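Reading the structure
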Amino acid sequence: MVALQKGNSTASPKQLTDKVIAVIGYGSQGRAVAQNLCDSGYSVIIGLRAGSKSRARVQKDGFAPILSIPAAVRKAKIVCFAFPDHLHSRVFKRSIKPFLKCQTTLWFLHASSIHFGLVKPPKGCDVILVAPHAPGDAVREIYLTDRSLSAFYGVFRNHSKQAGYTARQLAAALGVKRQNLIKTTFEREAVGDLFGEQAVLCGGLAMLIKHGFDTLVDHGWKPENAYLEVAYQLDLIVALIKKHGISGMFARISPAARLGSVEAGPKIIDQSVRERMEEQFERIRSGAFAAKFELLDDQALASLKRALRKLTDSRFEKAARKFSR
Ligand SMILES: NC(=O)c1ccc[n+]([C@@H]2O[C@H](COP(=O)([O-])OP(=O)(O)OC[C@H]3O[C@@H](n4cnc5c(N)ncnc54)[C@H](OP(=O)(O)O)[C@@H]3O)[C@@H](O)[C@H]2O)c1
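Residues numbered from 1 in each chain as written. Predicted model: local features only at pLDDT ≥ 70, side-chain atom pairs only at ≥ 80, totals over all residues. Heavy atoms only, no water.

Note on placement: K322 falls in helix 16 (residues 314–322). The exposure class of K322 is partly exposed, given its relative accessible area of 38%. Separated by 98 residues in sequence, K322 and E224 place their C-alpha atoms 8.5 Å apart. (Helix = DSSP H or I, 4+ residues; strand = E, 2+ residues; numbered from the N terminus. Buried < 20%, exposed > 50% of the residue type's maximum accessible area, 1.4 Å probe, protein only.)

Right under this line is the structure:
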């Protein structure tokens with residue numbers, strides 16, 4: 001792959017470019033991470049499981065040869081865990097740990113596996129976190145523009161006394177400018193990330209939208225009109241919140257919307273919601289949730305798929321597709 005000179009690269013990869021980075025997995029994050037690092041001048045190899053579906057894509061993107069996970073780990077000084085968290089423990093024990101060179105840096109994109117003790121790194125390794133605040137497509141897209149990605153970074157083990165530096169360099173190579181790189185701990189990132197996605201960003205938001213949609217449809221609204229009322233403008237409202245805060249968003253909507261927000265918001269999302277958030281926070285913090293997700297196997301994933309289907313409505317999905325153009 002050719003090193004790109006593009007607007008956003010704040011990486012100054014002087015001291016790390018000689019270290020081979022093995023990206024294990026080539027999915028959402030793996031592909032973006034590998035491409036950004038490569039375009040920032042790093043030496044990247046990809047490790048894939050036997051029979052991987054991603055082989056063709058890796059080859060097309062110019063990463064060759066394609067290696068097995070053990071072979072990639074053997075060559076690397078930095079190993080990036082770019083495959084699903086519930087598999088970290090199993091893959092680490094079988095295909096990573098036995099092949100690690102000493103003083104390898106283990107790089108996590110999310111802190112759960114380390115914080116909840118699912119992966120137990122051997123002595124002599126640095127263990128770092130650089131966790132982008134974006135899905136992989138956006139990690140790549142933002143890199144190719146002048147915008148900056150934001151990310152958390154942290155150090156769990158600093159054997160080399162250089163772990164923080166390594167994390168900051170890798171973050172820069174991904175396209176994170178210094179002001180958008182936030183230092184944290186593995187505990188804060190693991191618990192905060194899981195809580196945010198469960199309570200608000202994914203789980204909470206999906207149910208809020210669903211209940212709003214169902215209410216209008218039950219009262220005779222055509223599904224696509226209900227979709228337009230409860231979901232279509234979400235990105236615009238979120239953009240206002242991100243730019244001006246919640247008060248700034250309120251200042252920019254109509255007086256009727258402001259009055260309705262004051263009247264309905266605290267009634268619908270009331271103290272009982274806050275109490276259930278506390279319960280879920282405790283479930284995450286205690287490790288009970290991590291213990292469950294570590295057990296996800298093919299059967300559990302199939303039943304998860306069925307359960308997710310119950311949270312969605314085909315009429316909503318159809319409307320979303322119609323207006324996505
Ligand atoms: N997705 C996000 O928005 C996001 C954001 C920030 C951080 N993260 C973190 O980034 C990490 C990777 O997440 P992701 O969403 O990028 O994962 P993902 O897209 O689900 O990862 C897919 C990759 O993992 C490989 N894989 C699946 N099962 C495997 C196994 N048993 N052994 C080895 N490889 C296997 C897949 O293999 P095939 O090639 O065979 O399909 C594929 O290459 C996680 O720690 C996650 O928490 C994700």
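From this point, things continue past the structure.
Now for the domain arrangement of the protein chain. Each assigned domain of the protein chain is listed with its residue range as follows: domain 1 (20–184) and domain 2 (193–322). Each side of the interface is counted separately: domain 1 has eight residues, and domain 2 has eleven residues. Across the interface of domain 1 and domain 2, roughly 800 Å² is buried in total on both sides, 67% from carbon and sulfur atoms. The largest contributions to the domain 1 side of the interface with domain 2 come from H86, F116 and L118, which together make up 60% of the buried area. Counting every contact that joins domain 1 to domain 2 gives zero salt bridges. (Domains from an automatic or database assignment. Contact = heavy atoms within 4.5 Å. Buried area = accessible area lost by both parts, 1.4 Å probe. Salt bridge = Lys/Arg side-chain N within 4 Å of Asp/Glu carboxyl O.)

Within the structure, the ligand sits among 23 residues, and Y26, Q29, S52, S54 and D85 are positioned closest to it. The contact in question runs from an oxygen atom of the ligand to an N or O atom on the side chain of S54, over 2.4 Å. Between D85 and the ligand, the recorded distance is 2.6 Å, taken from a side-chain N or O atom to an oxygen atom. Residue assignment for the shell around the ligand shows that the elements contributing at least two residues are helix 1 (28–39) and helix 4 (88–96). When its residues are assigned to classes, the shell around the ligand shows twelve nonpolar, eight polar and three charged. (Near = heavy atom within 4 Å. Polar contact = N/O pair within 3.5 Å; in protein donor to acceptor, adjacent residues only side chain to side chain. Nonpolar A, V, L, I, M, F, W, Y, C, P; charged D, E, K, R; others polar.)

With respect to the helices and strands, S272 occurs in helix 13 (residues 271–285). Here S272 falls in the partly exposed class, since its relative accessible area comes to 27%. A polar atom in the side chain of S272 sits 2.5 Å from the side chain of D270.

A pair of packed helices is characterised by two quantities: the angle between their axes and the separation of those axes. Remark: helix 8 (residues 186–201) packs on helix 13, axes separated minimally by 10 Å, with the N-to-C direction vectors making an angle of 145°. You can see that helix 8 and helix 13 cross each other, and the crossing is right-handed. Together, V191, L194, F195, Q198, A199 and V200 of helix 8 and M277, Q280, F281, I284 and R285 of helix 13 make up the contact between the two elements. Of the residues in the contact of helix 8 with helix 13, the class split is eight nonpolar, two polar and one charged. (Axes fitted to C-alpha atoms, helices over the stretch in contact; angles between N-to-C directions. Left-handed = near helix turned anticlockwise from the far one by under 90°.)

Bringing a nonpolar patch on the surface into the picture now. Taken together, the side chains of L205, L208, I268 and I269 define a hydrophobic patch exposed on the protein surface, amounting to about 360 Å² of accessible area. Within the secondary structure, L205 is located in helix 9 (residues 203–218). Classification of L205 by relative accessible area gives partly exposed; the value is 31%. (Patch = residues over 30% accessible without salt bridge, like charges linked within 9 Å, V, L, I, M, F, W, Y side chains within 5 Å. Areas by Shrake-Rupley, 256 points an atom, 1.4 Å probe, with all protein chains shown as cover.)

Attention now goes to the sheet that holds strand 4 (residues 78–81). Taken in spatial order, the eight strands of this open sheet run 3-2-1-4-5-6-7-8, and their pairing is mixed. In this open sheet, the two edge strands, each paired with only one partner strand, are strand 3 (67–68) and strand 8 (176–183). As paired elements, strand 2 (residues 43–48) and strand 3 share two bridges and run parallel to each other. Bridged to L48 within strand 3 is S68. Taken strand by strand, helix 8 contacts strand 6 (126–132) and strand 7 (149–157), and its axis lies near 35° from that of strand 6. (Pairing = 2+ DSSP bridges.)

Relative to strand 8, strand 7 runs parallel, the two being bridged by four bridges. Considered in strand 8, the bridge of Y153 is made with K183. The handedness of the strand 7 to strand 8 crossover, carried by helix 7 (residues 163–174), is right-handed. (Right-handed = clockwise from strand over helix to strand, strands pointing away.)

Now for the pairing of strand 1 (residues 20–24). Counted residue by residue, strand 1 has four buried out of five residues, so it is predominantly covered. Here five bridges tie strand 1 to strand 2, and the two strands are oriented parallel to one another. Counted as the bridge partner of A22 is I45 from strand 2. Chirality of the crossover, the property in question, places the unit of strand 1, helix 1 and strand 2 among those that are right-handed. Taken together, the four bridges between strand 1 and strand 4 define a ladder with parallel strand orientation. Along strand 4, the bridge assignment pairs V23 with C80.

What follows is about the nonpolar core. Judged by nonpolar contacts, the single largest core of 37 residues is most densely connected at V23, L37, V44, I46, W107 and L170. By residue number, the principal contributor to this core is helix 7, which donates six residues. Once you skip the residues sitting within four places of it in the chain, I46 turns out to touch V23, Y26, A34, V58, F63, I66, L67 and A72. Residues A22, A131, I284 and A290 belong to the second largest nonpolar core, which totals 34 residues. (Core = buried A, V, L, I, M, F, W, Y, C linked by side-chain atoms within 4.5 Å.)

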